[in-house]
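Chain residues, written in single-letter form:
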Amino acid sequence: MAEVDDSKNPTSGVAGRYAQALFSLAQDTHSTDVVASELQNFGALVAGNADLQRFVASPIFTAEEQLKAVTALLTHFGYSGITANFIKLVAEKRRLFVLPEMIRAFNALNDKAKGVTRAQVTVAEPLSPDHSASLEEALRQVSGGSTVKVNVSVDPSIIGGIVVQLGSRMVDASLKTKLNSLRTRMKEVG
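Presented here is an overview of the structure given in this document. Since we're looking at a predicted model, the values are computed, not measured.

1. Some details on the environment of Val123
Relative to the elements of secondary structure, Val123 occurs in strand E2 (residues 116–123). On the basis of relative accessibility, which here comes to 3%, the residue Val123 falls in the buried class. Spatially, the C-alpha atom of Val123 lies 6.4 Å from that of Ser153, the residues being 30 residues apart in sequence. Those residues in contact with Val123, other than ones at most four positions away along the chain, are Val152, Ser153, Val154, Asp155, Ile158, Gly161 and Ile162.

Here's what the structure looks like:
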């Protein structure tokens, strides 16, 4: 597998510092799984609503306006405890625009602590259950026996083959990439 530059340390920058603090607090209260789940759900809520995305990203709103809106959202959807307090703090500090990166950094810290590696797999057609199981086993072996959580997406534009990103390693064995490479080589010759 070809190595990809992994210069984005999950604990660097503003997002990393906030995520590290939240992760430490979640570990101390033995609630990392709950916090991870709630953060994932809140992130999906934001990602699934264009108006909410604009609100989170906009510097126009004051900290008070953001805190008031976020508090109403959290209450409406039943968030409480550490996760709700964290999101409120982020709103108070006018850092809501960094929340998606904070969630990713928290998940990376949580995965690392649990020995979990995430794999993003892209295929041209849905995998059969047998192929899916074989792929998961192969990725587990490549990752050194750690638990691998595989997210498979279907993209017909790759024509055939597979694209796998496992941690910082990536393999692009798609037919589309091979055809593009062949096309480039043929242009060099002619």
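There's plenty left to go through after this.
2. Side note on unusual backbone geometry
At Arg94, a residue that is not glycine, the phi angle is positive and equals roughly 60 degrees. For Arg94, the location among the structural elements is in the loop between helix H5 (81–92) and helix H6 (99–114). Residue classification places Arg94 among the partly exposed positions, given a relative accessible area of 31%.

3. Let's talk about the packing of aromatic side chains
In total, this model carries 4 aromatic pairs according to the counting rule given. Note on Phe42 and Tyr79: the rings are 5.8 Å apart at their centroids and 85 degrees apart in plane angle, and the pair reads as edge-to-face. Taken together, the residues Phe42 in helix H2 (residues 32–47) and Tyr79 in the loop between helix H4 (63–76) and H5 connect sequence positions 37 residues apart. Seen from their ring centres, Phe55 and Phe61 are 4.8 Å apart, and the 55 degrees between their planes marks the pair as tilted.

4. Thoughts on the pattern of salt bridges
Enumeration according to the criterion identifies 5 salt bridges in this entry. Note that Lys114 is salt-bridged to Asp33, the shortest N-O span being 1.9 Å. Of this pair, Lys114 sits in helix H6 while Asp33 sits in helix H2, placing them 81 residues apart in sequence. With relative accessibility at 47%, the residue Asp33 sits in the partly exposed group. We note a salt bridge from Arg104 to Glu101, for which the minimum N-O separation is 3.3 Å. With Arg104 and Glu101 both in helix H6 and 3 residues apart, this pair spans about one turn of that helix. According to the relative accessible area criterion, Arg104 is exposed, its value standing at 52%. We classify Glu101 as partly exposed; its relative accessible area is 34%.

5. Remarks on the packing of helix H1 (residues 13–28) against H2
In contact at an axis separation of 8 Å, H1 and H2 are set at 135 degrees when each is read in the N-to-C sense. The angle between H1 and H2 places the two elements in the oblique class. Note on element contacts: H2 touches H1 through Thr32, Val35 and Leu39, opposite Leu22, Phe23, Ala26 and Gln27. Per-class residue counts for the contact of H1 with H2 are 5 nonpolar, 2 polar and no charged.

6. Notes on the packing of H1 against H5
Relative to each other, H1 and H5 sit at 160 degrees, their axes nearing to 11 Å. Considering their axes alone, H1 and H5 lie roughly antiparallel with respect to each other. The element H1 and its partner H5 pack so that their crossing is right-handed. Only Ile82, Phe86, Leu89 and Val90 of H5 make contact with H1, whose side of the interface consists of Tyr18, Leu22, Leu25 and Ala26. Its residues placed into classes, the contact of H1 with H5 shows 8 nonpolar, no polar and no charged.

7. Examining the nonpolar core
The nonpolar side chains of soluble globular proteins are, as a tendency, buried together. If you look at the biggest cluster of nonpolar residues, it comprises 31 residues, and the most contacted ones within it are Leu39, Phe86, Leu96, Met102 and Phe106. Within the residue set of this core, elements represented by two or more residues are H1, H2, helix H3 (50–57), H4, H5 and H6. Residues Ala119, Val121, Val164 and Leu166 belong to the second largest nonpolar core, which totals 8 residues.

8. Remarks on the environment of Glu92
Inspection of the secondary structure assignment puts Glu92 in helix H5. When its relative accessible area of 48% is taken as the criterion, Glu92 is described as partly exposed. Discounting residues that sit within four places of it in the chain, Glu92 has contacts with Ala63 and Leu67.

Cut-off values and rules
Along every chain, residues carry numbers that run from 1 in the direction the sequence is written. Note on the predicted model: pLDDT of at least 70 is required for a residue's local features to be given, and 80 or more for side-chain atom pairs to be given and counted; whole-chain, interface and lining totals, by contrast, use all residues. The side-chain numbers reported here are obtained from all heavy atoms of the structure, hydrogens and water having been left aside. Strands are runs of DSSP state E lasting at least two residues, helices are runs of H or I lasting at least four, and both sets are numbered from the N terminus onward. For each residue, the accessible area found with a 1.4 Å probe, counting protein chains only, is set against the maximum for its type, and the residue is called buried under 20%, exposed over 50%, and partly exposed in between. Two residues qualify as a contact provided that any one of their heavy atoms is within 4.5 Å of a heavy atom in the partner residue. Centres within 6.5 Å make a pair out of two Phe, Tyr or Trp rings, where for Trp the six-membered ring is used; the pair is then stacked when the planes are under 30 degrees apart, edge-to-face when over 60, and tilted otherwise. The term salt bridge refers to a pairing of a side-chain nitrogen on Lys or Arg with a carboxyl oxygen on Asp or Glu at a separation within 4 Å. Axis definition: a line fitted to C-alpha atoms, over the contacting stretch in the case of helices. Angles run 0 to 180 degrees between N-to-C directions. The scheme is simple: roughly parallel for angles under 35 degrees, roughly antiparallel for over 145, roughly perpendicular for 65 to 115, oblique for anything else. The classification used treats Ala, Val, Leu, Ile, Met, Phe, Trp, Tyr, Cys and Pro as nonpolar, Asp, Glu, Lys and Arg as charged, and all other residues, Gly among them, as polar. Here is the rule for handedness: rotate from the far helix to the near one, and if that takes an anticlockwise turn smaller than a right angle the crossing is left-handed, while a clockwise turn gives right-handed. Residues belong to one nonpolar core when they are buried, are Ala, Val, Leu, Ile, Met, Phe, Trp, Tyr or Cys, and are joined through side-chain atoms within 4.5 Å.

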